Amino acid sequence: MSMKALITGASRGIGQAIAYKLAESGYHLVLTGRDAAELEKTKTACEQYGIKAEIIPADLSSEADIRALFEQAGEIDLLVNNAGFGIFDPIVDIKLEDWQAIHKVNVEGAFLCLREAMRSMKKSGGGRIINISSVVGVKGYPNQAAYGASKHALLGLTKTAIEEGKDDNIRVHAICPGGVATDMVKQSRPDLTDFSAMIQPEDVADAVLYLCSLPTQITVDCIHLRRAASAQTW
Ligand code: NAP
C-alpha cells in the first residue's frame with residue numbers, strides 16, 4: 001500500500017520540490033499552504049506520476065486551521081514540516097509584532113503540526129516527521145535574529161520529539177539547509193545573487209528521500225546541507 005505524506009508549504013520553493021520527489025517515489029500526498037491556486041499547480045504536476053494528491057489549504061498561524069487540516073488528512077505516514085517565513089532586520093529595528101508573527105508560524109505552527117502528527121502516529125503504529133530548520137538554526141547571521149531564533153527553537157522541538165517518539169516507532173529528523181535558491185533567499189541573503197551556486201530545492205528533497213529510506217532501527221537526527229562556498233565545520 002502507498003505511503004501518505006503531508007507536506008506544509010507545498011505551494012512553492014522547497015516544499016514543492018519535496019512534493020515532486022515524493023510523488024515520483026509513489027507517495028500519496030496531502031498538500032497544504034495558504035495559496036490554493038499555487039497548491040493546485042503542485043497537485044497537477046504531482047499527479048503526472050500517477051499518485052493521489054489532495055489539497056487542504058491552511059494558515060499555520062491558526063490552531064483551528066491546523067486541527068481541521070489533520071482531521072481532514074486522516075492517518076499519515078510522513079509529515080514534512082516545511083512551511084516557514086522570515087522578516088529580516090537588525091535586532092535594534094525588530095518590531096515585536098514581526099518577531100511574534102515569525103514565531104507563530106515557524107515555531108507554534110510547526111509544533112501544532114508535529115503534535116497532531118505524533119498523536120495520530122502513536123495510534124497508528126508509527127511514522128516519520130521531518131522538520132525543515134536551517135543553518136540559521138545552528139549559527140548566527142546578521143539581520144536574522146527573529147528568524148534564526150525560530151529555527152533554533154524548531155531544532156529544540158525536534159530533539160525532544162526524537163526522544164519521545166522513539167518507543168512509538170515515530171522517527172523524527174531535522175534538515176538544516178544553507179542558502180537554497182527560492183524566493184525566500186532573495187530576502188534573507190540579498191548579498192547572494194548567483195542562484196546556480198546555491199543549494200537547489202531538489203537537493204533538500206533528496207535529503208528528505210534519504211531520511212525516508214532509513215530502516216526503522218537506525219535514525220539520523222539532523223542533516224546539515226551547506227553551500228560548498230560557505231562550508232564550515234561546527
Ligand atoms: P518559500 O519559497 O518562501 O516558501 C515558503 C512556503 O511556506 C510557502 O509554500 C508558503 O505557502 C508557506 N507558508 C508561509 N507562511 C505560511 C502560513 N502562515 N501558513 C501556511 N503556509 C505558510 O520558502 P522556501 O525557501 O521554500 O522555505 C521553505 C522552508 O525552508 C522554510 O521553513 C524556510 O525557513 C526553510 N529554509 C529555507 C532556506 C532558503 O535559503 N530558502 C534555507 C534554510 C531553510 P503560502 O504562501 O501558500 O501560504
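About the criteria used
Residue numbers restart at each chain and count upward from 1, following the sequence in its written direction. Totals for whole chains, interfaces and linings use every residue, but because this is a predicted model, local features are given only for residues with pLDDT of at least 70 and side-chain atom pairs only at 80 or more, for both listing and counting. With hydrogens and water stripped out, all remaining heavy atoms of the structure feed into the side-chain values. Lines are fitted to the C-alpha atoms to define the axes, a helix being fitted only along its stretch in contact, and any angle between axes, read from their N-to-C directions, falls within 0 to 180 degrees. Every helix listed is a DSSP run of H or I at least four residues long, and every strand listed is a run of E at least two residues long, numbered separately from the N terminus. For classification purposes, an angle smaller than 35 degrees is called roughly parallel, one larger than 145 roughly antiparallel, one from 65 to 115 roughly perpendicular, and anything else oblique. The handedness criterion is simple: a crossing whose near helix is rotated anticlockwise from the far helix by less than a right angle is left-handed, and one whose near helix is rotated clockwise is right-handed. It only takes one pair of heavy atoms within 4.5 Å for two residues to be counted as in contact. When residues are sorted by character, Ala, Val, Leu, Ile, Met, Phe, Trp, Tyr, Cys and Pro go into the nonpolar class, Asp, Glu, Lys and Arg into the charged class, and all the rest, Gly among them, into the polar class. The span expected for a helix works out to 1.5 Å for each residue beyond the first. Consider a residue and the seven residues that end there alongside the seven that start there; fitting an axis to each set, the bend is the angle between those axes. A molecule or strand has a residue near it when one of that residue's heavy atoms lies within 4 Å. Here a polar contact is recorded for every N or O atom pair within 3.5 Å, except that within protein the pair must consist of a potential hydrogen donor and a potential acceptor, and residues adjacent in sequence are included only if both atoms are side-chain atoms. Residue burial considers only the protein chains on display, and all accessible areas are found by Shrake-Rupley using a 1.4 Å probe. A simple rule labels every residue: compare its accessible area, found with a 1.4 Å probe on the protein chains alone, to the largest value its type can have, and call it buried under 20%, exposed over 50%, or partly exposed in between. Strands are treated as partners if at least two bridges between them are detected by DSSP. A clockwise course of the path from the first strand over the helix to the second, judged with the strands pointing away from the viewer, identifies a crossover as right-handed. Here a Phe, Tyr or Trp ring, Trp counted by its six-membered ring, pairs with any other such ring whose centre lies within 6.5 Å, and the pair is stacked when the planes are under 30 degrees apart, edge-to-face when over 60, and tilted otherwise. When the NZ atom of lysine or the CZ atom of arginine is within 6 Å of a ring's centre and also within 35 degrees of its normal, the charge is said to sit over that ring.

Caption draft 1: Geometry of the packing of helix α1 (residues 13-24) against helix α2 (residues 36-47). It is the contact of α1 with α2, at a shortest axis distance of 9 Å, that shows an interaxial angle of 20 degrees. On the basis of their axis angle, the class for α1 and α2 is roughly parallel. Considering how the two elements wind past one another, α1 and α2 form a crossing that is right-handed. Contacts between α1 and α2 involve Gln16, Ala19, Tyr20 and Ala23 from the former and Thr42, Ala45 and Cys46 from the latter. Within the contact of α1 with α2, the residues separate by chemical class into five nonpolar, two polar and no charged.

Caption draft 2: Representation of helix α4 (residues 96-124). The end-to-end C-alpha distance of α4, which contains 29 residues, comes to 40 Å, matching closely the 42 Å that a straight helix rising 1.5 Å per residue would cover. The sharpest bend along α4 reaches about 35 degrees and sits at Lys104.

Caption draft 3: Examining the site of the ligand more closely. In the vicinity of the ligand there are 28 residues, among which Ser11, Arg34, Asn82, Tyr147 and Thr182 approach most closely. The contact in question runs from a nitrogen atom of the ligand to an N or O atom on the backbone of Leu60, over 2.9 Å. Considered on its own, the ligand offers 890 Å² of accessible surface; in the complex 95% of this is hidden by protein. Across the shell around the ligand, the residue classes break down as 12 nonpolar, 11 polar and five charged.

Caption draft 4: Examining unusual backbone geometry more closely. One non-glycine residue, Asn143, adopts positive backbone phi at about 70 degrees. For Asn143, the location among the structural elements is in the loop between β5 (127-132) and α5 (145-165).

Caption draft 5: Layout of the packing of α1 against helix α7 (residues 201-212). Running from N to C, α1 and α7 cross one another at 50 degrees; their axes reach a closest spacing of 8 Å. On the basis of the axis angle, α1 is oblique to α7. Read as a crossing pair, α1 and α7 show a hand that is right-handed. Contact residues: Gly13, Ile14, Ala17, Ile18, Lys21 and Leu22 in α1; Pro201, Glu202, Val204, Ala205, Asp206, Val208 and Leu209 in α7. Among the residues making up the contact of α1 with α7, the classes are represented as nine nonpolar, one polar and three charged.

Caption draft 6: Just the pairing of strand β1 (residues 4-8), in detail. Most of β1 is tucked away, with four of its five residues classed as buried. In the sheet, β1 pairs with strand β2 (residues 28-32) via five bridges, with the strands oriented parallel. Opposite Lys4, over in β2, you have His28 as the bridge partner. In terms of handedness, the path from β1 via α1 over to β2 forms a crossover that is right-handed. Looking at chain direction, β1 and strand β4 (residues 78-81) are connected through three bridges and run parallel. Within β4, the residue paired with Ile7 across the bridge is Val80.

Caption draft 7: Here's a closer look at the environment of Arg226. Here Arg226 lies in the segment after β7 (222-225). When its relative accessible area of 18% is taken as the criterion, Arg226 is described as buried. Linking Arg226 and Ala37, residues 189 residues apart in sequence, is a C-alpha distance of 32 Å.

Caption draft 8: Here's a closer look at the packing of aromatic side chains. All told, the structure shown has one aromatic pair when counted by the stated rule. With a centroid separation of 5.4 Å and an interplanar angle of 70 degrees, the aromatic rings of Phe88 and Tyr147 are classed as edge-to-face. Pair noted here: Phe88 is in the loop between β4 and α4 and Tyr147 is in helix α5, with a separation of 59 residues, a long-range link. The two residues Phe88 and Tyr147 agree in class, both being buried. The residue whose ring lies beneath Lys139 is Tyr141, and the NZ or CZ to ring-centre distance is 4.4 Å.

Caption draft 9: Up close: the side chain of Ser11. With respect to the helices, strands and loops of the structure, Ser11 is situated in the loop between β1 and α1. Judged by relative accessible area, Ser11 falls into the buried class, the value being 8%. Discounting chain neighbours no more than four positions away, the residues touching Ser11 are Gln16, Thr32, Asp35, Glu38, Leu39 and Thr42.

Caption draft 10: Fine view of the side chain of Ser150. Tracing the sequence through the fold places Ser150 in helix α5. Not counting residues within four places of it along the chain, the set of residues in contact with Ser150 comprises Ile102, His103, Asn106 and Val107.

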